[in-house]
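A structural walkthrough
Read off the chains here:
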Amino acid sequence: PWLRFSSSSLLCPQLRGPPDTALHEGLLSQYDGDSCSWQENYFILLGDFTLQWFESEEALRKGCEPRGSTALSGYLLLSSPGEYAESLGDLCQGLAGDSPFADPPGEFLFFLYHPFRRHFCFCAGSVGSRRIWRAALGDAIRYRSTELQRRDSLEAEAFLEAVRFYRQEKGRYGAGDLLLGSEPEILGNVLMEDLLPVLRCQVLPSIRGSERRRQQLWLQFIQEVYTLVLSEISREFQGFQKEKEKLQMELEKKIRPDLDQMLTLKDQLASKLRAVVQSPAESCCSRGVEPHLHGVMEELVRPVSSGVDAVRSLFARRVDEMIGLVRSSPVAVLQRELLMLGRTSWQPEVMQPCYEEANLYRESLRGLEEWFGFRGVMSLVLSAQNLMQQLMQNATHTFGQLARQPLGRPAGRRQLARALEQAKERVLKKFDYDSSAVRERFAQEWLIRIVLPFLLKHLEAECKLELPRYETFVFADFGGIVNLENVYEEAVVAVLLRAAGRGEGLPSPRNIPPTKYLPPP
């Protein structure tokens, strides 16, 4: 079990689930690496965001077994052969293979890339088909990849922090995009991070053939290793769930009678560690962090603000369209339109212009890897898109609640339209108030997530190695509960907050609640 007194968490919107029905389906040409040819399959994206493919639509309708299926967590959606070749080059270091496919049947290509799973090279029949598929698959990747972050539970947070601490013990600060997916998938990513250099050194030289063939065999080998790793981890993790409940009960019994004493001890340790950390941390901030803070904060705020503004405009436009229909149609039309409005946040193509604003991070924050070693831009993009979807979901739900109130009273079209206008203004006013605070908190929390690993890495030799001196202050009974490294990180975060604005207006980075207009139905 993990329990920590920490101040490090992310804003995690609580999204209600996707529709149960299939989200999209249709024909796509898919490159088959075994036959080195393009094959046409019928693909369907299920409501749980699993992608399946069949020989034909008829095979799907007859209930035949799919040719294959994949969960989409951790995948990267790429738009061009150049992007895909660049990603392959990073994965296949030492192999100078050219394009892994030849003679595509059309120009409307797109790709699903995962460092350890099967890759998908697709060709759509038209630009419109590609646009719809990209929007649907992007939604699926985001939903499956941010499973733990959206769970917003102490247990999920503790798991992610435990993985982060494990990597820090190996000198790897900043988990990047490894923390995407379910618990077994994240553990599999971390293990593959350790295995890949060894496999590249020991196995890759023994693979023979042309450069393209070697590349193909190397990718297949990695995928098979990951499949075995994930299978074993999933089995062990499932077995641990039963043991975990017992361990949690034992831990609660230890904490309850001594909680005040533990908190007092934690405050005492914090005071001692602040004295050790403050001067080196302030010096490191002034040299390596503060010169970049203003620019980084601006770049963090700009895309999420543009996305939130796009969500507001989309919501207002759809409500205006509904009001226009009410003025010229029977009142019964309102019920149908309210149902459609409530589904807006789960219509990927409709939401795509909002989500595209978050993709600006991919270009605007490229310098962060050089400055701070930050490699988590994909996680940042998905988190911003989650926030946009949550705001749309909250706005449409609240408007639906308000709009149904006049339906229970006799009213003409003009009165009903006026009531809907008033409901829209109420929702937009609340939207503006809440989104202003939420987008700022979002940017400030990501600022901490980007810069904190840089600080921790540079303070390791001077400060962290001093921690064993303070272990004697932690009573033996509290050893598994009061975590010295957490207290140390809180002291570093406090210095970072002061550097980022002398602490004014910055949130405590723990347990910031998601924006809510009304409780979910």
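So, here's what we can say about the structure. Keep in mind it's a predicted model, so treat the numbers as computed, not measured.

Some details on the overall build of the chain
Of the regular secondary structure elements, the chain holds 15 helices and 7 strands. Counting every position in the chain, which comprises 521 residues, the buried fraction comes to 50%. Taking the contacts inside the chain whose residues are at least 6 apart along the sequence as the reference set, 76% of them involve residues at least 24 apart. Per element, the accessible surface of the chain, about 24800 Å² overall, is 51% carbon and sulfur.

Section: helix H13 (residues 377–404)
End to end, H13 covers 41 Å across 28 residues, agreeing with the expected 40 Å (1.5 Å per residue, within 8%). Burial analysis of H13 places 26 of its 28 residues in the buried class, which makes it a mostly covered element.

Re empty space enclosed by the protein
Tallied over the entire structure, the rule returns 5 cavities of 30 Å³ or more. Among the elements of the structure, helix H5 (154–169) and helix H7 (211–255) are those that each provide at least two residues to the lining of the second largest cavity. It is H7 that provides the largest number of residues to the lining of the second largest cavity, a total of 4 residues. A breakdown of the residues in the lining of the second largest cavity according to their chemical character gives 5 nonpolar, 1 polar and 4 charged.

Notes on the sheet that holds strand E5 (residues 76–78)
One open sheet holds the 7 strands; their spatial order is E4-E3-E2-E1-E7-E6-E5, and the pairing between them is antiparallel. For this open sheet the edge positions go to strand E4 (68–71) and E5, each flanked by a neighbour on one side alone. Direction aside, the axes of adjacent strands within the sheet are offset by 30° on average. In this sheet, strand E3 (residues 50–54) lies alongside strand E2 (residues 37–45) in antiparallel orientation, the contact comprising 4 bridges. Along E3, the bridge assignment pairs Tyr42 with Phe54.

Some details on unusual backbone geometry
Unlike most non-glycine residues, Cys36 shows phi in positive territory, near 55°. The topology assignment puts Cys36 in the loop between strand E1 (24–32) and E2. According to the relative accessible area criterion, Cys36 is partly exposed, its value standing at 47%. A positive phi angle is found at Phe49, which is not glycine, with a value near 65°. Of note, Phe49 is situated in the loop between E2 and E3. Relative accessible area serves as the criterion here: at 0%, Phe49 is assigned to the buried category.

Some words on helix H2 (residues 81–91)
Given 3.6 residues to a turn, an α-helix orients residues that are three or four positions apart in the same direction. Every buried residue of H2 is listed here: Tyr84, Ser87, Leu88 and Leu91. The arc that holds every buried residue of H2, seen down its axis, measures 100°, which confines them to one face. Opposite the buried face of H2, by more than 90 degrees, sit the exposed residues Glu86 and Asp90. Here the buried face of H2 lies against E5, strand E6 (108–113), strand E7 (120–124), helix H6 (183–202) and H7.

Focus on the packing of aromatic side chains
Under the criterion given, the structure shown has 20 aromatic pairs. Aromatic pair Phe374 and Trp446: ring centres 6.3 Å apart, planes at 75°, arrangement edge-to-face. With a gap of 72 residues between them, Phe374 in the loop between helix H12 (367–372) and H13 and Trp446 in helix H14 (residues 413–459) connect regions that are remote in the sequence. Under the relative-accessibility criterion, Trp446 is labelled buried at 2%. Relative to Trp446, the ring of Phe442 has its centre 6.4 Å away and its plane inclined at 50°; by these criteria the two rings are tilted. Residue Phe442 and its partner Trp446 are both found in helix H14; the two are separated by 4 residues, about one turn of the helix. Relative accessible area serves as the criterion here: at 1%, Phe442 is assigned to the buried category.

Digging into the packing of helix H8 (residues 259–328) against helix H9 (residues 332–342)
When two helices pack together, their arrangement is captured by the angle between the axes and the distance separating the axes. Interhelical geometry of H8 versus H9 gives an angle of 170° and a closest axis separation of 10 Å. In terms of axis orientation, H8 runs roughly antiparallel to H9. Residue-level contacts link Arg318, Val319, Met322, Leu325 and Val326 of H8 to Leu334, Glu337, Leu338 and Leu341 of H9. A breakdown of the residues in the contact of H8 with H9 according to their chemical character gives 7 nonpolar, no polar and 2 charged.

Scoring rules and cut-offs
- Residues numbered from 1 in each chain as written.
- Predicted model: local features only at pLDDT ≥ 70, side-chain atom pairs only at ≥ 80, totals over all residues.
- Heavy atoms only, no water.
- Helix = DSSP H or I, 4+ residues; strand = E, 2+ residues; numbered from the N terminus.
- Buried < 20%, exposed > 50% of the residue type's maximum accessible area, 1.4 Å probe, protein only.
- Contact = heavy atoms within 4.5 Å.
- Areas by Shrake-Rupley, 256 points an atom, 1.4 Å probe, with all protein chains shown as cover.
- Expected span 1.5 Å × (residues − 1).
- 1 Å grid on protein atoms, 1.4 Å probe; cavity = no way out; pocket = protein on both sides within 12 Å on 5 of 7 lines; lining within 4 Å.
- Points joined across faces, edges and corners; volume = space filled by probe spheres on them.
- Nonpolar A, V, L, I, M, F, W, Y, C, P; charged D, E, K, R; others polar.
- Pairing = 2+ DSSP bridges.
- Axes fitted to C-alpha atoms, helices over the stretch in contact; angles between N-to-C directions.
- Arc of directions from axis to C-beta.
- Phe/Tyr/Trp six-rings, centres within 6.5 Å; stacked < 30°, edge-to-face > 60°.
- Parallel < 35°, antiparallel > 145°, perpendicular 65-115°, else oblique.

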